[in-house]
4 protein chains.
Amino acid sequence: MIKAAIIGATGYTGLELLRLVEKHPGLQIEVITSRENQGRSLEEVCRWSGKYKDLVFEAPVVENIAPKVDVAFLCVPAGKAQELAYQFLTHKVKVIDFSADFRFKSISVFEETYQLPYVYPELNDKAVYGLCEVFTEEIKKADLVANPGCYPTSILLPLIPLVKEDLVETDFIIADSKSGTSGAGRKADLYYSFCEVNEDFKAYKIASHRHNPEIEEKLSLFARKEVKVVFTPHLLPINRGIFSTIYVRAKYPVKVLRDCLQTFYQNRPFVRLAPEGTVPTIKEVKGTNLCKIGLFEDKKRGFVVITSVIDNLIKGASGQALQNFNLMFGFPEETGLPFSPVFV
Amino acid sequence: MIKAAIIGATGYTGLELLRLVEKHPGLQIEVITSRENQGRSLEEVCRWSGKYKDLVFEAPVVENIAPKVDVAFLCVPAGKAQELAYQFLTHKVKVIDFSADFRFKSISVFEETYQLPYVYPELNDKAVYGLCEVFTEEIKKADLVANPGCYPTSILLPLIPLVKEDLVETDFIIADSKSGTSGAGRKADLYYSFCEVNEDFKAYKIASHRHNPEIEEKLSLFARKEVKVVFTPHLLPINRGIFSTIYVRAKYPVKVLRDCLQTFYQNRPFVRLAPEGTVPTIKEVKGTNLCKIGLFEDKKRGFVVITSVIDNLIKGASGQALQNFNLMFGFPEETGLPFSPVFV
Amino acid sequence: MIKAAIIGATGYTGLELLRLVEKHPGLQIEVITSRENQGRSLEEVCRWSGKYKDLVFEAPVVENIAPKVDVAFLCVPAGKAQELAYQFLTHKVKVIDFSADFRFKSISVFEETYQLPYVYPELNDKAVYGLCEVFTEEIKKADLVANPGCYPTSILLPLIPLVKEDLVETDFIIADSKSGTSGAGRKADLYYSFCEVNEDFKAYKIASHRHNPEIEEKLSLFARKEVKVVFTPHLLPINRGIFSTIYVRAKYPVKVLRDCLQTFYQNRPFVRLAPEGTVPTIKEVKGTNLCKIGLFEDKKRGFVVITSVIDNLIKGASGQALQNFNLMFGFPEETGLPFSPVFV
Amino acid sequence: MIKAAIIGATGYTGLELLRLVEKHPGLQIEVITSRENQGRSLEEVCRWSGKYKDLVFEAPVVENIAPKVDVAFLCVPAGKAQELAYQFLTHKVKVIDFSADFRFKSISVFEETYQLPYVYPELNDKAVYGLCEVFTEEIKKADLVANPGCYPTSILLPLIPLVKEDLVETDFIIADSKSGTSGAGRKADLYYSFCEVNEDFKAYKIASHRHNPEIEEKLSLFARKEVKVVFTPHLLPINRGIFSTIYVRAKYPVKVLRDCLQTFYQNRPFVRLAPEGTVPTIKEVKGTNLCKIGLFEDKKRGFVVITSVIDNLIKGASGQALQNFNLMFGFPEETGLPFSPVFV
């Protein structure tokens, strides 16, 4: 039985991870931390009724936690993960980090994007980008995995195989993404209050979202040239789910793109092509670790429209983290992860 | 491995049952039926990605289905279950019925309430009311279980122990219940269309809802006298969950009522008292098979306010059906049933 | 043209008042105040496009504002209105106060309920409770009107005529109310964040809400004896609207109650009885200044169920304030107030 | 006082028109029709409380209606408007048609797009496309105005000036639009039922929506060459509002585009540019007849991102129809139309 700690367990991703881990036969949560709630139980703080309800929040002190666990899930903000990761790795505890601290190969791009200084560059060299279906082999050998951003996950999964095989023009890709509000995290903020979000819809951080460079770096890696993606995130008045509508100019008929994706993901349980002519919806993946992809050709206008859906809290966060755990510790990658959608 | 059929599997309760059963180690779905979708797979019809996605819908013909299964879950409307139950039982297949056909001891009350003639009265004598925590022993021996209504489940669980121990006045009990829209089932109806339900809230069937006699019959049974409950259902603009606010005049201090419930449910995993002074919310039970109960005393006005929450599709339908299955077939009652809430 | 100031204009009630006043031929907003936004325009701060978009927020300094206006609408929290009201009245400016500071005849009940000391008791004697259809004549002569609470408005309008005529038992009234989230005001608070409220429903402040004594004081006044109301507020995942389900024991057939309300409100445009057998819904009054009332008899159980709906931001706040203004300044009471619902 | 008829008044656009007209000093609704509800009043059928509540639904028989009115608003499906328009015009009654029947200059494109035969081609020559800010002068002289589609309104208002002045490349324009569910009309359809739409989000009719040719025909007219627009509509789980995110390649810096729009709409009250750097949101225009436009430059990637928001039931339907009425009958175009948003 592998033992784990969740650092920062009171947010939406931490709670979702606790919910998912319950179903995992080989993973046991030993430690949860929360600065504000030390000494109180999960039941007390979150009205939790699940398996781990009696677990008591500890302070995030690595030397106390490390001896008890084999792996640490870091659910902390960007900039806060580096020091924790360094300490856990020093104690031979593997790390799966939810933040952006280790997602970038280019430290300068990270520093510019997040306006944070980089403390452990050598650590970053060891880090593997945890997009499970793409960096599988590296993840299996990794001690430090950077769980990808939610938007990048929904956009990279359909695009990486296509740019790798040079099937689409790379100077012209548009990703129009819409995310449920849980993507913003759990916090008191008027902008995310019910009356402000409900019955509204808006774009934000146009041409300036921090996931944009993350998307471009990974695509450029596979295209072996610079790829530019015009990325616009939008806030959806729903709790969970991401829907990305991606516009590309294809160099071949849509069937070739479809076959490419089919081949790339053929033995992978969590990435699926929607039947021809059907649009995958958020409900089809809500509550699952799936990414579903639809392909449509607009012959008259010379474009292929790709739609991609994920549950931002599962495949976009805690589910993919658990999938990374499975790869790192030798479990079948679907272990403990849900396939059946929560339709209503 | 017990084998089962789901009769009428394309509705919300049927799909929810399929989702839950996946996690059950001892139950295998062999047959799903749908008049409209015969010959098509679950994946094709419902874009299903879970374990049973390749299962193909059959016609609801009992003689073909019975040889393949040990138990049948009937997810059909009131009036349609009797004939199916009769046939399955004749073939020695146990039945768990989601409809109201076998919920009433009094056939005349059923006929008056549902305006339907009763075909198999003798069958009704054999039926057990499947409120798991209350009729446990009878359910274990039953071949035919009537899964309770969603509203009654949320109201009877807190009230049965109290009327049984004669702790509250039985001549006026008020149950003001609010249900998510999935309680209305899956159908094309302007009344339940998005724009009509969203941003609205309304009471319906005031003093005339069909669950009212069901609630009163069961309470009267335990009170050993006639109990009257003023019951008002309301439609909530959410997908799932029931919140019942129940007003009673207590004959003893609230602590006595609390102890009574604590004792009655002490070894039962799915019924829990909220900590004193806290109100259980729908989110705390969403995605679980739990019923959470809160008790508040309004000393100044001489009332006790009881709040009770369930997930109408789980404890109010498919989850309780699975719990009944566990009791009927000798599994621990929590087998395959979720405890961790889906907070967002 | 009457000139007015809105003190605290950036909240939901302030903005709603600005929206409504646009349609009023005899009222002109001259001053809006906001501590945080002094010197900035309504368009700049709230992206406002309406008539008053170029109005610039001032500091809430009465001596500067008073000379410019005839009336002040105070949209400030309880405890903050007394001093402002005192100053405006000293400057011969009439006051319509949205807070609770002047709602209670009994200062001790106010102090106990709001845990605030009372500074200007003599001012309170002059204040009139602004429930327009009930205190009409007093309001016409008043210089200081206390705009009623949103919950009390929805509960008092149906009950006052009935207790006044002694048609219902007064030792036993239950009001189960559900309010849209805008009732909580505009603030950054995790409890009211989208993901916490959306898809949830909960009761709060059971037997301890501050509107409970307000309701009881007014009913007792008309019953000429102490009236007790068990009041439970609930939080609805919608933006606006209040639905109150009220349970009473009637001393006469429901027809008598219906006639009583019909007579009491016969010449009043904003209070209407729903056709017999129909339940008024929030959508029927959304966007209007109406209160709609439905009456149902549960003969078998000896109760009358009254349902009452209002738009909490209009009849429950800014609309009733404008109606009070009309009465105070001699306009027809419906001047500038909407009747047509916003169905979607 | 101009007198009008609304043909098909029980849908969302008909009711919204009735709500708006109330505020119009020069327009009186004389006739409303509904096949299903003849002889019943608006109050009876729609629980209406507004000015026209006592209006009784008639049969849509033109010879009976025409003598009573000066103008007819046709709220009927595509294909049904032609015959009605022909008859009303024969009776010298002006027509404002909400359907697509007269939106296309090219009859063959209409017939191909809507799969309907064209009955009155000569009528189509007389019809004017009612995009108020663009075809103003033609509308003033028109007897038959085709009210534009909701999606086209949100996309054409920002793009027409830009293609007219040749400021953007016309061989690839992408319009990613999201619409509230009321855009689908008022009907019983499982696809639009609450539980299916709520907490979901999806694209539909990708590369095949009927508004796509409408958008392209109008843009091509002003570009004086064929313009192609890749258009993807999405269904938002909100009641009203359209948000269009439009991607263009600009031939000049964004400032030039901004100035172009500023100039084009300078004296028009309902089209506004959002302040630089701000994204207009649906809430800013909800309940108003406004179209708000935001412009963002993605310098690094060589694109301009245009966001455009309208209330689909007002500027996208009934409000623009009323604005067309104002132009046709010589009223100031803003007469009776709202500017202040309904924020919550």
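All values derive from a computational prediction rather than experimental measurement. (Residues numbered from 1 in each chain as written. Chains lettered and ligands numbered in written order. Predicted model: local features only at pLDDT ≥ 70, side-chain atom pairs only at ≥ 80, totals over all residues. Heavy atoms only, no water.)

**Student:** Sorry, what's going on with the overall build of chain A here?
**Tutor:** From N to C terminus, chain A includes 13 helices and 14 strands. Relative to a compact globule of 344 residues, whose C-alpha radius of gyration would be 20 Å, chain A shows 20 Å and is just as compact. Per-residue burial for chain A yields a buried fraction of 68% across its 344 residues. Across chain A, contacts joining residues at least 24 apart in sequence account for 70% of those joining residues at least 6 apart. For chain A, the exposed area adds up to about 11,000 Å²; of that, 51% sits on carbon and sulfur atoms. The centroid of the 42 positive side-chain charges in chain A is displaced by 3 Å from the centroid of its 42 negative side-chain charges. (Helix = DSSP H or I, 4+ residues; strand = E, 2+ residues; numbered from the N terminus. Rg over C-alpha atoms; globule rule 2.2 N^0.38 Å. Buried < 20%, exposed > 50% of the residue type's maximum accessible area, 1.4 Å probe, protein only. Contact = heavy atoms within 4.5 Å. Areas by Shrake-Rupley, 256 points an atom, 1.4 Å probe, with all protein chains shown as cover. Lys, Arg positive; Asp, Glu negative; His and termini not counted. Charge placed at Lys NZ, Arg CZ, Asp CG, Glu CD.)

**Student:** What's the story with the relation of the copies chain D and chain A in this structure? I'm lost.
**Tutor:** What relates the pair of chain copies is a rotation about an axis plus a shift along that axis. Least-squares fitting of chain D to chain A yields an RMSD of 0.0 Å, with the transformation described by 0.0 Å of translation along the axis and a rotation of 180°. In symmetry terms, the pair is related by a two-fold rotation axis. When the interface residues of chain D are mapped onto chain A, 100% of them again lie at the interface, so the same face is used by both copies. (Least-squares fit on C-alpha atoms with pLDDT ≥ 70 in both.)

**Student:** When you look at the sheet that holds strand β2 (residues 27–33) of chain B in this model, what are you seeing that I'm missing?
**Tutor:** Each strand in a sheet pairs with its neighbour through backbone hydrogen bonds, running either in the same direction (parallel) or in the opposite one (antiparallel). Residues and elements named next belong to chain B. Pairing is parallel in the open sheet, where seven strands are placed in the order β3-β2-β1-β4-β5-β7-β6. Because the sheet does not close on itself, it has two edges, and the strands there are β3 (57–58) and β6 (128–129). For strand β1 (residues 2–7) and β2, the ladder comprises six bridges, and the chain directions are parallel. Bridging from a neighbouring strand, Ala-4 pairs with Ile-29 of β2. Relative to β2, helix α1 (residues 12–21) is tilted by about 155°, and along the sheet it contacts β1, β2 and β4 (71–74). (Pairing = 2+ DSSP bridges. Axes fitted to C-alpha atoms, helices over the stretch in contact; angles between N-to-C directions.)

**Student:** In this structure, what is going on with the interface of chain D and chain A? I would like to understand it.
**Tutor:** The parts lose accessible area when they come together, and the size of an interface is often stated as this lost area. Facing 49 residues of chain D, the contacting portion of chain A comprises 49 residues. Connecting chain D to chain A are six salt bridges. Taking the shortest distance from any N to any O, the salt bridge between Lys-300 of chain A and Glu-216 of chain D comes out at 3.0 Å. At the junction of chain D with chain A, the criterion picks out 30 residue pairs in polar contact (both at pLDDT 80 or more). Among the elements that take part in the side of chain D that touches chain A, strand β10 (residues 229–236) of chain D stands out by supplying five residues, more than any other. Split by residue class, the side of chain D that touches chain A holds 23 nonpolar, eight polar and 18 charged. (Salt bridge = Lys/Arg side-chain N within 4 Å of Asp/Glu carboxyl O. Polar contact = N/O pair within 3.5 Å; in protein donor to acceptor, adjacent residues only side chain to side chain. Nonpolar A, V, L, I, M, F, W, Y, C, P; charged D, E, K, R; others polar.)

**Student:** Even after reading the chapter, I still don't get the packing of helix α8 (residues 150–164) of chain A against helix α11 (residues 254–264) of chain A, so can you show me in this structure?
**Tutor:** The packing of two helices is summarised by the inter-axis angle and the distance between the axes. Residues and elements named next belong to chain A. Between α8 and α11, the shortest axis-to-axis distance is 9 Å and the interhelical angle comes to 110°. Relative to α11, the element α8 lies roughly perpendicular. Residues Leu-157, Pro-158, Pro-161, Leu-162 and Lys-164 of α8 lie in contact with α11, whose contacting residues are Leu-257, Cys-260, Leu-261 and Phe-264. The residue makeup of the contact of α8 with α11, split by class, is eight nonpolar, no polar and one charged. (Parallel < 35°, antiparallel > 145°, perpendicular 65-115°, else oblique.)

**Student:** So what exactly am I meant to see when it comes to the interface of chain B and chain C here?
**Tutor:** In this complex, chain B contributes 49 residues to the contact, which on the side of chain C involves 49 residues. Summing the contributions of chain B and of chain C, the shared interface buries around 4,000 Å²; its carbon and sulfur component is 63%. When the buried surface of chain B facing chain C is broken down by residue, Glu-199, Phe-201 and Arg-301 of chain B rank first, second and third, together holding 17% of it. Here Arg-301 of chain C makes a salt bridge to Glu-216 of chain B, at a shortest N to O gap of 2.5 Å. (Buried area = accessible area lost by both parts, 1.4 Å probe.)

**Student:** How should the pattern of salt bridges be read in this particular structure?
**Tutor:** Side chains carrying opposite charge are able to pair once their charged atoms draw close together. Counted according to the given criterion, the structure contains 106 salt bridges over all chains. Linking Glu-16 of chain A and Arg-19 of chain A is a salt bridge whose minimum nitrogen-to-oxygen distance equals 2.8 Å. Of the two residues, Glu-16 of chain A and Arg-19 of chain A are both situated in helix α1 (residues 12–21); the distance of three residues between them amounts to about one turn of the helix. Under the relative-accessibility criterion, Glu-16 of chain A is labelled buried at 4%. Overall, Arg-19 of chain A belongs to the buried group, its relative accessible area being 15%. In this structure, Glu-137 of chain B engages Lys-140 of chain B in a salt bridge whose closest nitrogen and oxygen atoms are separated by 3.3 Å. One end of the pair is Glu-137 of chain B and the other is Lys-140 of chain B, both in helix α7 (residues 136–141) and three residues apart, which spans about a single turn. Since its relative accessible area comes to 39%, Lys-140 of chain B is described here as partly exposed. Salt bridges sharing common partners tie together Glu-16, Arg-19, Arg-240 and Asp-311 of chain A.

**Student:** Would you explain the relation of the copies chain B and chain C in this entry?
**Tutor:** For the pair chain B and chain C, the best superposition has an RMSD of 0.0 Å and corresponds to a rotation of 180° with a translation of 0.0 Å parallel to the axis. Mapped onto chain C, 100% of the interface residues of chain B are again interface residues, and the two copies thus contact each other with one and the same surface.

**Student:** How should I be thinking about helix α5 (residues 107–114) of chain C in this particular structure?
**Tutor:** Residue and element names in this part refer to chain C. Residues Phe-110, Thr-113 and Tyr-114 constitute the buried set of α5. Buried positions in α5, seen along its axis, are confined to an arc of 80° and lie on one side of it. Where α5 is buried, its residues contact α4 (81–90) and α10 (211–223). Within two residues after α5, Gln-115 carries a phi angle of roughly 55°, on the positive side. (Arc of directions from axis to C-beta.)

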